[in-house]
Amino acid sequence: MTETSYPPGARIEVRDAEWIVRTCAKTAHDGYKITAVGASEFVRDEDAVFFTELDDVSLLRPEETVLEQDETPRFAKSRLFLEAVLRRTPLPQTEKGLALADRFLLDPLPYQQRPAELALEGLRPRILIADVVGLGKTLEIGLILAELIRRGRGERILVVTPQQVLEQFQHELWTRFSIPLIRLDSVGIERIQREIPAGRNPFTYYKRIIVSIDTLKNEGKYGQHLEKMDWDAVVIDESHNLIGESSLRNKLAKLLARKTDALLLASATPHNGNSESFAELIRMLDPAAIADDTRYSAKDIDHLYIRRTKISAEVRDQMGGKWPDRGPSVPVRCAATPAEEKIFEELTQVWLAGDQRTGGRVVGTKNRLFPYTLLKAFLSSHKALAKSVANRLKNAEEPREIDALKTLQGLAAKMTDDDSAKLAALVRELQAIGVGPGSHTRAVVFSESVETVRWLTEVLPKRLGLTASGAVEMMLGNGMSDQQQQEIIERFGLSDSPVRLLVTTDVTSEGVNLHRQCNHLIHYDVPWSLIRIEQRNGRIDRYGQTRQPQFKALSLISEIEGAKDDRTVAEKLLVKEETAHRSLGTAEAVTGEYRAEREERRLIQDLLEGKTVEQSIEDRPVDDFLADLLGSVGADPVNPDPLRADVPRLFDGSKAFVKEAVDTLGLLKDLDDDGEMLAFEPPADLVHRLSVLPSDYLRTHDVRKRMKVTFDRDLAQRKLNEARKTKTMWPEIAYLSDLHPMVDWVTDKVLVRLGRQKAPVVTAQVGEPTFLLQGIYSNRLGQPTVVEWMAVTSAGVLDEAMTDVMTKAGVGPRMINTGRKFDLQPLQEQVAQAVATARSHLENRRSEYEAEVVRPLDAYRGQLDEWQQLTLDGVHISQRGRKEQSVRETVERQQRLLDSLKITGEPLLRVLAVLVPQDGHR
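Residues numbered from 1 in each chain as written. Predicted model: local features only at pLDDT ≥ 70, side-chain atom pairs only at ≥ 80, totals over all residues. Heavy atoms only, no water.

Draft legend 1. Expanded view of the overall build of the protein. Counting its secondary structure elements, the protein contains 34 helices and 28 strands. For the protein, the C-alpha radius of gyration of 32 Å lies close to 29 Å, the compact-globule estimate for 922 residues. The principal-axis extent of the C-alpha atoms belonging to the protein is close to 110 × 75 × 55 Å. In the protein, which comprises 922 residues, the proportion classed as buried is 61%. Taking the intrachain contacts of the protein between residues at least 6 apart in sequence as the baseline, contacts between residues at least 24 apart amount to 77%. Total accessible area on the protein stands at roughly 37,400 Å², and carbon and sulfur atoms take up 46% of it. Positive and negative charge centroids in the protein, built from 126 and 140 side chains respectively, lie 3 Å apart. (Helix = DSSP H or I, 4+ residues; strand = E, 2+ residues; numbered from the N terminus. Rg over C-alpha atoms; globule rule 2.2 N^0.38 Å. Buried < 20%, exposed > 50% of the residue type's maximum accessible area, 1.4 Å probe, protein only. Contact = heavy atoms within 4.5 Å. Areas by Shrake-Rupley, 256 points an atom, 1.4 Å probe, with all protein chains shown as cover. Lys, Arg positive; Asp, Glu negative; His and termini not counted. Charge placed at Lys NZ, Arg CZ, Asp CG, Glu CD.)

Draft legend 2. Molecular detail of the packing of helix H20 (residues 530-537) against helix H21 (residues 570-584). Remark: H20 packs on H21, axes separated minimally by 10 Å, with the N-to-C direction vectors making an angle of 65°. In terms of orientation, H20 lies roughly perpendicular with respect to H21. In the crossing of H20 with H21, the sense of the turn from one axis to the other is right-handed. Contacts from Leu530, Ile533, Glu534 and Asn537 in H20 reach Leu573, Leu574, Lys576, Glu577 and His581 in H21. In terms of residue class, the contact of H20 with H21 is built from four nonpolar, two polar and three charged. (Axes fitted to C-alpha atoms, helices over the stretch in contact; angles between N-to-C directions. Parallel < 35°, antiparallel > 145°, perpendicular 65-115°, else oblique. Left-handed = near helix turned anticlockwise from the far one by under 90°. Nonpolar A, V, L, I, M, F, W, Y, C, P; charged D, E, K, R; others polar.)

Draft legend 3. Here's a closer look at the pattern of salt bridges. Counted according to the given criterion, the structure contains 62 salt bridges. Between arginine 15 and aspartate 55 there is a salt bridge; the shortest N-O distance is 2.9 Å. Pair noted here: arginine 15 is in the loop between strand E1 (11-14) and strand E2 (17-26) and aspartate 55 is in the loop between strand E4 (47-51) and strand E5 (58-59), with a separation of 40 residues, a long-range link. With a relative accessible area of 59%, arginine 15 lands in the exposed category. When the shortest N-O distance is used, the salt bridge between glutamate 140 and arginine 308 registers 3.1 Å. With glutamate 140 in helix H3 (residues 137-150) and arginine 308 in the loop between strand E13 (305-306) and helix H12 (313-319), the pair connects residues that are 168 residues apart, well separated along the chain. Across this residue pair, the class does not change: glutamate 140 and arginine 308 are buried. A cluster of three or more residues bridged by salt bridges with shared partners is formed by Arg61, Glu63, Glu64 and Arg839. (Salt bridge = Lys/Arg side-chain N within 4 Å of Asp/Glu carboxyl O.)

Draft legend 4. Quick look at helix H2 (residues 110-121). Look at H2: 16 Å from first C-alpha to last across 12 residues, which is about the 16 Å you get at 1.5 Å a residue. Among the 12 residues that make up H2, 11 are buried, leaving the element largely enclosed by the rest of the structure. Looking at H2, one finds that the buried residues are Pro110, Tyr111, Gln112, Gln113, Arg114, Pro115, Ala116, Glu117, Leu118, Ala119 and Leu120. The inward-facing, buried residues of H2 abut strand E7 (126-129), H3, E13 and H12. (Expected span 1.5 Å × (residues − 1).)

Draft legend 5. Summary view of the packing of helix H15 (residues 382-393) against helix H18 (residues 450-464). Where H15 contacts H18, the axes come no closer than 8 Å and their chain directions differ by 140°. One way to sum up the angle between H15 and H18 is to call them oblique. At the point where H15 passes H18, the crossing takes the right-handed sense. Of the residues in H18, those in contact with His382, Lys383, Ala384 and Lys387 of H15 are Glu451, Thr452 and Trp455. Partitioned by chemical class, the residues of the contact of H15 with H18 number two nonpolar, two polar and three charged.

Draft legend 6. Representation of the environment of threonine 568 in the model. Mapped onto the elements of the fold, threonine 568 is located in the loop between strand E19 (550-557) and H21. A sequence separation of 128 residues divides threonine 568 from aspartate 696, and the C-alpha atoms of the two residues are 48 Å apart. In contact with threonine 568, not counting residues within four places along its chain, are Ala563 and Val613.

Draft legend 7. Focus on helix H10 (residues 275-285). Burial within H10 is extensive, with nine of its 11 residues counted as buried. Along H10, the residues classified as buried are Ser275, Ser277, Phe278, Ala279, Glu280, Leu281, Ile282, Met284 and Leu285.

Draft legend 8. Layout of unusual backbone geometry. For arginine 15, which is not glycine, the phi dihedral falls at a positive 55°. Residues other than glycine seldom take positive phi values, yet serine 178 does so here, at roughly 65°. The topology assignment puts serine 178 in the loop between helix H4 (166-177) and strand E9 (182-184).

Draft legend 9. View of the sheet that holds strand E10 (residues 208-212). Reading across from one edge, E9-E10-E8-E11-E12-E7-E13 is the order of the seven strands in this open sheet, with parallel pairing throughout. Taken across any chain shown, the strands that pair with only one partner, and hence form the sheet edges, are E9 and E13. By the bridge criterion, four bridges tie E7 to strand E12 (residues 260-266) in an arrangement that is parallel. The partner of arginine 126 across the bridge, within E12, is leucine 263. Each of E7, strand E8 (157-161), E10, strand E11 (231-236) and E12 touches H3; the most contacted strand, E12, lies at about 165° to it. (Pairing = 2+ DSSP bridges.)

Draft legend 10. A look at the packing of aromatic side chains. Within the structure shown, the criterion is met by 12 aromatic pairs. With centroids separated by 5.0 Å and ring planes inclined at 80°, the aromatic side chains of phenylalanine 344 and phenylalanine 378 adopt a geometry described as edge-to-face. Placement of phenylalanine 344 in helix H13 (residues 338-351) and of phenylalanine 378 in helix H14 (residues 370-380) is noted, with a sequence separation of 34 residues between them. Accessibility classification places phenylalanine 344 together with phenylalanine 378 in one group, the buried group. Members of the aromatic cluster, joined through ring pairs, are Trp174, Tyr697 and Trp730. Positioned over the ring face of tryptophan 231 is arginine 156, at 4.8 Å from the centre of the ring. Positioned above the aromatic ring of phenylalanine 370 is the side chain of arginine 392, whose terminal nitrogen or guanidinium carbon lies 4.6 Å from the ring centre. (Phe/Tyr/Trp six-rings, centres within 6.5 Å; stacked < 30°, edge-to-face > 60°. Lys NZ or Arg CZ within 6 Å of the ring centre and 35° of its normal.)

Draft legend 11. How the structure looks around the nonpolar core. In this structure, Trp351 and Trp528 are the most contacted members of the largest nonpolar core, which totals 89 residues. Considering each element in turn, this core owes the most residues, seven residues, to helix H17 (residues 421-433). With residues up to four places along the chain from it excluded, the contact list for tryptophan 528 reads Tyr372, Leu375, Lys376, Leu379, Val569, Leu573, Glu599, Glu600, Leu603, Ile604 and Leu607. Ile20, Leu86, Trp745 and Trp789 belong to the second-largest nonpolar core, a separate cluster that totals 59 residues. (Core = buried A, V, L, I, M, F, W, Y, C linked by side-chain atoms within 4.5 Å.)

Draft legend 12. Quick peek at the sheet that holds strand E23 (residues 734-735). Ordered in space as E20-E21-E22-E23, the four strands form an open sheet in which the pairing is mixed. What marks the edges here is a single partner per strand, and that holds for strand E20 (672-673) and E23. Pairing of E20 with strand E21 (residues 677-680), which is carried by two bridges, proceeds in the antiparallel orientation. Directly across from aspartate 672, in E21, lies its bridge partner alanine 679.

Draft legend 13. Quick look at the pairing of E2. Counting buried residues in E2 gives eight out of 10 residues, a clear majority hidden from the surface. Taken together, the four bridges between E1 and E2 define a ladder with antiparallel strand orientation. Along E2, the bridge assignment pairs glutamate 13 with glutamate 18. Here E1 folds back onto E2 in antiparallel fashion, the turn holding two residues, of which arginine 15 has a positive phi close to 55°. Bridge count between E2 and strand E3 (residues 32-38): seven bridges; the pairing is antiparallel. Its bridge partner being in E3, valine 21 is matched across the sheet by alanine 36. If you look at the hairpin formed by E2 and E3, you'll find five residues sitting between the two strands, and glycine 31 has a positive phi there, around 70°.

What follows is the structure in structure tokens.
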């Protein structure tokens, strides 16, 4: 039996009604799953899902197409219908160019389009985006998802991010791309539990979801739901957090990798210095990419991986003045107060003296790093030191250590806030940059210690005169809900909110945007990690920053001989990070360590051995292999601009299409159009579609009652900027990109206006009747593999593309429809022959189409064979049986994937319209 698929745009008959296919995907047990919208009278505009094993689904025969004369002015109904078909038909598997890169609310920067170009080149869109901090990975992800949606491969999307960036990510995808995501944070989960039937899988109820990895991990019930789900695209942000075979995050990521077609991983710190761990991430993208976990290069995997820095040539050239170079990292030296000097003296002579101390070390060998824990806590604050001492006293057993801890405890307890040199310096620095009452200047203050953050949040408002509620915000990790974290970040990004100072731990050092209203960052204490310093700085030094980022670090200085104050480590690391940033674009590869925790531990071990910071960094062997992976991969493009798709269209953009459709079909009854903005009360069926929009956006502007949209990019950007000056991030006027639900709604309304299996007849500048047909070959997944737009005359299929034929025939808004009636019967009798001619054309070219499709599949088969052989080479005989089984299963799974991507079945043909000479058909 010939396998049949149902490409998007096809008309089908199910349950005695006609439907238009939106998506079609192969299922494991129920044949094809078809989502469709009703086209015939009783089901018009209704959404439905059908399974071919459960429903009798019939493709409407193109030979039975009924022609009808278009009587609308300028043949608007026909032109709109043809444009709607062009829009609704997904770009085929063979189209690798970008179709929508310049259609969104963002600067059209080629470097941000490169990841989409790379994703579309592969058999499946599966890549790791490893651009360094601040280059715009969220925008790059949005562009890829947009291209997948245009190809009919982005219907079901799952985005997984850290919980503190959920709303930020959701906001960017909606305001920039018109891609709505349902947010499943703690509040979202409660809402969904109220809205959907008990026990219902939320992942089937909503098509596009954003959720934190910790929510998935902690909500055990979601695991069983995920097992039953398949996705078109899965995005995992900060994907370096997935590394670790035994972690629950890792298991969830591997599950999602198996259950999706497209997989997009993003991380500015993509590996932990271990080649096997990095190979683990790459295998999620392609299980047959790496044969030997210990021997592979960036070149081996550059089809799956892209990494650029701010100094990469393309990035630097395109940034221009849009992203000012950062200022220097300035240490602000604070002379220790007498109370602090007593603690320095105690730490130096008792805890850090080591074997030189009378009576030997205070702690045993297994705890030899702990004195540096105390030192780092004190360099943060006396409050942090007191907390560290109290925690240690709970478990200390040796009398010497207990006595020493109690001495420190007493010294810390005697310190008052006025005894803190750093606190006094912080207040001076904040006042100097303008943080205070009556000023709009904002700053972010980082500390590694929760106790320090709590203390600063308590004491700073009075000292700075910031007595208004909410002027000083505190951001912590544990102890704060995801909703609280998101609200704090949102308030800090809104210009009219009262917040002037954000005091935070490193919970905000990954992925969070703090640059919208802020260009000042102060390290209250400096992490002993170049990676962490760079991550912190990247919160305000990132794409979209309009002012020069300014960095300062408080440096506590002691006069005690031998004291390890902030000159010992912190100031030297600041210099190293700044030098690496300016010369290499990133600090990661400098130390030979690729995780902040390991970098710090290694540094402390070297200090214990008597090395300086410089010696510790310089003595570390640089692994050329890992440095290669953290260098610039894909930073030197062959072409100056990414490849553009050949997208057929009849209208000059969405604005012309939507406005003519609304006007001609009378879709909106109370429309206000001032030339820039459209405002209207959305009809009920459009309101239903709006339910998937971000809930905060719906609540803020109540767009279900009054909707405001625009095609004007400048207006939309202005409104987005203004929104950041109000009490919400959500602009009141939405940008109508090609993906906006309203544009989709208009497209569907146009498609269902044409009668059942009808095709319009249009008079145009042609010499003889010209039949316009669509021809599609699909793969076994139901995805269009080849799409041909054909113009057929008595001479056969014309060499010119269908849209070119229409252009030459004068099909456009200046057409004149006289409304003169003519006999359609002679044309009707030619329909079957036109279909036969088009079918013969497609079948004659099938081998050509297949060769184009099969070429990359065969190349991958060769790679698969090589991988199989290399993977088994050198495997010890005791492990060979298990390894062979694992390799065989991987090869079989990948072979099935390749088979599913080949052309299958007969071509689907559809008669779209007939152009006839203006003096009547011949």
